[in-house]
Each structure stands twice: as C-alpha cells, then as structure tokens.
Amino acid sequence: VVDFSRDPTAQGFFAPERFESRIYDCEVTGEIPKSLNGAFVRVATEWLYPPRYPHDSIFNADGLVAMFRFRNGIVDFTERWVHTARWQADLAARRQLYGLYRNPFTDDPSIQEETIAKPYLRTLANTNILTHGGKLFAMKEDGPPYELDPETLATRGPMTFGGKYRSETFTAHPKFDPVSGEMICYGYEATGLASNAIFLYTVNRAGEVTSEVRFKAPYVSMVHDIALTQKHIVIPVFGFETSLERLKAGKIHWAWNARLPTYFGILPRGGDAADLRWFKGPLCEMTHTFNARTVGEKVILEAPVGDSNPFPFFPADPGNEDPPTVKRGWHVRRYTFDLASRSEGFTEETLYSHPIGALGRIDDRYISLDNRYVYTQFTDPTRPYDEARAGNLRGRVTNCYARFDLHGRGLSTYFAGDTHSLGEPVFAPRHAGSPEGDGYLIGIASNLAEMRSELIIADATKLEAGDVARVILPFRLGSQVHGNWLAGDRLVFT
Ligand code: V55
Ligand code: FE
C-alpha cells in the first residue's frame, strides 16, 4: 500500500511525486545564456514505497535523477528513477522490503539472508551524479555506482571497472583532477558492514583503474567526502560511529558521538598505505570539503565546517550528545597540516563567521589547484518573506547564495525572492576557457507559493543583480542531495 499520509515529512511541498517525465523545450523566464551548452544533472531522494520504520532517514529513499539539457538557449528536461536492484525488487513485491538506513538486519525476512551477505545490493544511487570515462553514473556511498544512459537516463546497471575496483562500496564524492584527467575515488566499509577498510583508486581518463591503495580508518565512520591536491589526498574521519553489534540490534547505521576526535589522513598521490599519515584533533563536522592544495610542506584545506551533529536522524547514544553549549550551523574554515612537523595536530581558522549551509562548491576546473572563490547557500533571516503566499517557514527557508573570496576576504550574495528556498548551487563556466569564477551559479529553487520547482541561473560575478534566467517546471522536484554542471565538451555531452 502506498500511503504517505502518516509521514509528517512527506506533506505539502515535500509530498513525493514519484513520476518519470520528459519536457521538451521548457518554459523559461529571462534569457538562458547561449554559451551554456551542457547539462545540469541532479539527484533527489524520494520514496518509491513508504519506509518500513517511521524514524528512518530520508537518505534511505530511492534515487530520482533529473537532467536539464542546455543547447543554444533551449532547455529539455528528463527525470527518471534509478532502477537499482533494490528499486526493482520493491516494485516487483509492490512494497518496501528494505529496512532502516544501511541496516540489512532490519530488512524483510524474505531478503535478509542475501542483503546481510551483500549489503551493497541495497544501494539507492541517491547521492550524486557525475561522468567519467564517457559514462554517466549515479552513486551512493554504500554500493557500486549505477551507469545511466546519458540521453534518456535509463538505468544500465552497476559499474564494475573491469573487475579492478575491489571495494564493495564507492563514494558519492569522487574527485576529478583537471590536470591529469584522472578520477580519484574510494570506498569505505570496503570489505563489508562496519569494516574499517578503505580502498582508494585512481581511474584514468579512459575509465581504467590504474592504482589501488588499501588502508584502515582509525575508527569506522562516515567518510563522505575527501579533498584532492596535486600532491596529496586528504581523508576526514569524524563524529559518526557504527558496529556490527549496533546493526544486529536493529539500530540505524550511524550514531553521532560528540566525544570522538577528528582524524585527517594525508596520503601522497602515487604513495601506498605506508605513506599515509593521520593528523588528530578536536571534533569538527566536515561532511563536505571545498578544496585543498599543497604549498611546500603544508597541505591547506577549506571546507564548510560545523561543531555539532548535522543529521538529526542519526542521533547520539545517551551520554554522547553534543554539549548544550555547542552552536549549530556551518562556517568557512581553513585547516593547515604541516608535513614538516612531528606533531599530530593541525590548525583551524575560521575565515568567515558568516553563517552558511552545509554544502559548498567551487569552480570544478580548480579542484586540487589554488582556487579563489567558494560558493554555498545560506539563510538570511533579514530578507523579506511572504508568509501569506509561501506558508509558515519564515526564517527557515534557504533564501540566498553566497560567493566568498578567499583572497580578498569579500562576500557577495544572491537573493532568490520572498517565496523561494534554495538547494546547493553549482558553478558553470561562462565559456570553456573563462577564468576562475567567470560563469554562472545554477541550482534548484522551491517556489513555495506556486508549488513548483525552478532552475535558477545567476551570474556568479554579479550575484547582487539577481538571476539572468529561470527554467520553470510545472511541478515540484524532490529534495536534491547533489547536482553538477556537465559542460558540453566533457565526455558524454558532445
Ligand atoms: C549524505 C547523504 C546520503 C548518505 C550519506 O549528505 C551522506 C550526505 C543521500 O544519502 O547516504
Ligand atoms: Fe555529499
């Protein structure tokens, strides 16, 4: 039975829509820049069938991928479920067979034996969507990526990399080196549920695995994102914990634990496990990174960072909660790791005390290089809000994008309007050769008054001027996890 009426998080603007769709030549306001050739792709979490447990995480909902294909000022739209093994099994059974987030011990008894032995079969491919080696794929960090047809978004199936990718899992945040064209990717819990094995891979331009490094995390935690420099890979480990006992007890995969330290692994590129060095310090919540670089003997990392549990659906066990004095929210912070020092410590510096969102992006052509700008969304409670038209969400809507200057220490902001709420912004270059930051911020806005979603296109160099165009959808899109701009000259989008 499909009944979402008892789920308070699935109502109003957030009620699941659950359909696959195609719109030819979308409705547009303003003018889409003709130089934008490529695609904005994104993935949302949406339940095909309601969860078996009411306290489950929305991260355990199915992946719904969408593409806005830009050609010469025209935009076509396609949206499809990722037809994972799990999605297909649920559809065949006409009900939700799968239990809590990343806990097969809570699955339907009819499938448990298989899902406990092969937990990667439960992946939802619901976290990110990217291309490499001529393939488009959606992924979640608990299983293999799923390859998609770049024209139709039809699911082709799990990716195997010719058998040379040996981790059971694959991160949702692979990193692309713009100089070498390589993809650096990894899996944590690489050898099974609650294992502390991390396998890290280099995949060349052609999509072939060229190196593997196997090592162990200091404790089993959510290694959601990493950072890449031209010389090093930075691996943050912080704050969440799990164990087989916990999973067998039927609990959700992760518990926050404010008593845990943060570790940062620094691995030289081309090195092996013996070259990995762990730095250790007080807890910092760094689910996502902006970027990093190696300068002499120092590795320098910027990230949106907080000090408290970011995910209320992964609560702490009694005694491990955040102290009551802790401030919630995120800031732009810089971390410096001194490879010449013998100390295991690192330094932390808040670059901007301005509140920001948990997601942050850069001009992806500068991944691993010295970037000047970082972009994120945030809530400005002083901006106007039309409660009569948009409903009772005053002070809670994410109404702005920000660009922070890491060199000049300046901030510019875009305001989406008094009935809108924004997700993650992505950066699209104005032209293939335009300098860093010369381009557009693109992202989905919820129009809470009209009950529809809009794709915002704002000039990243003139955010205060408002957007240059919006693509108007006649329906709501599910909550985005991540999106990306795939330029026309990049691989599958020629
Ligand atoms: C995140 C999202 C996930 C997940 C783990 O945003 C971390 C972070 C949508 O699923 O499984
Ligand atoms: Fe993420």
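Preceding this section is the structure that the text describes.
Now for a look at the structure at hand. (Residues numbered from 1 in each chain as written. Chains lettered and ligands numbered in written order. Predicted model: local features only at pLDDT ≥ 70, side-chain atom pairs only at ≥ 80, totals over all residues. Heavy atoms only, no water.)

1. Regarding the overall build of the chain
The helix and strand inventory of the chain stands at four helices and 33 strands. Against the compact-globule benchmark of 23 Å for 494 residues, the chain has a radius of gyration of 21 Å, which places it among compact chains. Projected onto the principal axes, the alpha-carbon positions of the chain cover approximately 55 × 55 × 50 Å. Counting only residues that meet the buried cut, the chain has 59% of its 494 residues in that class. For the chain, the proportion of contacts with a sequence separation of at least 24, taken over those separated by at least 6, is 61%. For the chain, the computed accessible surface area is about 19200 Å², with 51% contributed by carbon and sulfur atoms. In the chain, the 54 positive side-chain charges and the 61 negative ones have mean positions that sit 1 Å from each other. (Helix = DSSP H or I, 4+ residues; strand = E, 2+ residues; numbered from the N terminus. Rg over C-alpha atoms; globule rule 2.2 N^0.38 Å. Buried < 20%, exposed > 50% of the residue type's maximum accessible area, 1.4 Å probe, protein only. Contact = heavy atoms within 4.5 Å. Areas by Shrake-Rupley, 256 points an atom, 1.4 Å probe, with all protein chains shown as cover. Lys, Arg positive; Asp, Glu negative; His and termini not counted. Charge placed at Lys NZ, Arg CZ, Asp CG, Glu CD.)

2. Focus on the sheet that holds strand β11 (residues 183-188)
The four strands are arranged β10-β11-β12-β13 in an open sheet whose pairing can be described as antiparallel. Of all the strands in the sheet, just β10 (175-176) and β13 (209-216) have a single pairing partner and so form its edges. Sheet topology note: the strand β12 (residues 197-203)/β13 ladder contains seven bridges and is antiparallel. Along β13, the bridge assignment pairs Val203 with Val209. (Pairing = 2+ DSSP bridges.)

3. Overview of the coordination of the iron ion (ligand 2)
Every protein donor of the iron ion (ligand 2) is accounted for by His173 (NE2), His224 (NE2), His288 (NE2) and His482 (NE2), and the metal-donor separations fall at 2.0 to 2.1 Å. Classification of the site at the iron ion (ligand 2) as irregular follows from its four donor atoms and the range of 92 to 159° in their angles at the metal. Each donor residue of the iron ion (ligand 2) belongs to the same chain, and together they define the spacing H-x50-H-x63-H-x193-H. Here the residue His173 occupies a position in the loop between β9 (155-158) and β10, and His288 occupies one in the loop between β19 (277-281) and β20 (291-295), the gap between them amounting to 115 residues. Here His173 and His288 have matching classes, each one buried. (Donors = N, O, S within 2.8 Å, 3.2 Å for Na, K, Ca; no water. Tetrahedral: all angles 85-135°; square planar, octahedral: opposite > 155°, others 65-115°.)

4. Notes on the nonpolar core
With 60 residues, the main nonpolar core has Ile235, Phe264, Leu301, Phe314, Tyr335 and Phe337 as its most contacted residues. Those residues in contact with Leu301 that lie beyond four places of it in its chain are Ala227, Val234, Phe264, Met286, Thr289, Asn291, Ala292, Arg333, Arg334, Tyr335 and Phe337. Counting 23 residues, the second-largest nonpolar core is a separate cluster that includes Ile23, Phe77, Tyr440 and Phe475. (Core = buried A, V, L, I, M, F, W, Y, C linked by side-chain atoms within 4.5 Å.)

5. What about the site of ligand 1?
Near ligand 1 you find Phe59, Tyr101, Asn126, Thr127, Lys140, Glu141, Met222, His224, Phe311 and Val481, and these make up its full shell. At 2.6 Å from an oxygen atom of ligand 1 is found a side-chain nitrogen or oxygen belonging to Lys140. The fraction of the free accessible surface of ligand 1 (310 Å²) that becomes covered by protein chains is 97%. (Near = heavy atom within 4 Å. Polar contact = N/O pair within 3.5 Å; in protein donor to acceptor, adjacent residues only side chain to side chain.)

6. As for the pattern of salt bridges
For the structure shown, the criterion picks out 33 salt bridges. Glu450 is paired through a salt bridge with Arg389; the nearest N and O atoms lie 3.2 Å apart. Of the two residues, Glu450 is situated in the loop between β30 (439-447) and β31 (452-459) and Arg389 in helix α4 (residues 387-390); the sequence distance between them amounts to 61 residues. By relative accessible area, which is 44% here, Arg389 ends up partly exposed. Notably, a salt bridge pairs Asp438 with Arg430, separated by 2.7 Å at the nearest N-O pair. A relative accessible area of 16% means that Arg430 is categorised as buried. Three or more residues are tied together by salt bridges with common partners; here these are Arg293, Glu302, Arg334 and Asp370. (Salt bridge = Lys/Arg side-chain N within 4 Å of Asp/Glu carboxyl O.)

7. With respect to the side chain of Ser167
The residue Ser167 is located in the loop between β9 and β10 in this model. There is a polar contact of 2.7 Å between the side chain of Ser167 and the backbone oxygen of Thr169. Not counting chain neighbours up to four residues away, the residues in contact with Ser167 comprise Gly187, Ala190, Phe199 and Tyr201.

8. Here we look at the pairing of strand β15 (residues 232-237)
A large share of β15 lies buried, amounting to six of its six residues. Taking every second residue as pointing to the same face, both faces of β15 are buried, with His232, Val234 and Pro236 on one and Ile233, Ile235 and Val237 on the other. Counting the residues between successive antiparallel strands, the hairpin from strand β14 (residues 227-228) to β15 contains three residues. For β15 and strand β18 (residues 262-268), the ladder comprises six bridges, and the chain directions are antiparallel.

9. Side note on the packing of aromatic side chains
All told, the structure shown has 38 aromatic pairs when counted by the stated rule. When the ring of Tyr352 is compared with that of Phe404, the centres are 4.6 Å apart and the planes differ by 55°; the resulting orientation is tilted. Taken together, the residues Tyr352 in strand β23 (residues 347-356) and Phe404 in strand β26 (residues 400-405) connect sequence positions 52 residues apart. We classify Tyr352 as buried; its relative accessible area is 10%. Each residue in the set Phe59, Tyr101, Tyr188, Phe238, Phe240, Trp254, Trp256, Phe311, Phe313 and Phe314 is aromatic and connected to the rest through ring pairs, giving one cluster. (Phe/Tyr/Trp six-rings, centres within 6.5 Å; stacked < 30°, edge-to-face > 60°.)

10. A look at the pairing of strand β29 (residues 426-429)
On β29, burial covers both faces: Val426 and Ala428 on one face and Phe427 and Pro429 on the other are all buried. Note: β29 against β30, four bridges, orientation antiparallel. Residue pairing for β30: Val426 is matched across the bridge by Ile442.

11. Notes on the sheet that holds strand β7 (residues 135-139)
Judged by pairing direction, the sheet is antiparallel, and its four strands sit side by side in the order β6-β7-β8-β9 without closing on themselves. With one partner strand each, in any of the chains shown, β6 (128-132) and β9 form the two edges of the open sheet. Across this sheet, the average inter-strand angle for adjacent strands is 30°, counted without regard to direction. Of the pairings in the sheet, the one linking β7 to strand β8 (residues 146-148) comprises three bridges and is antiparallel in character. Bridged to Ala138 within β8 is Tyr146. (Axes fitted to C-alpha atoms, helices over the stretch in contact; angles between N-to-C directions.)

Shape descriptors only; they carry no functional weight alone.
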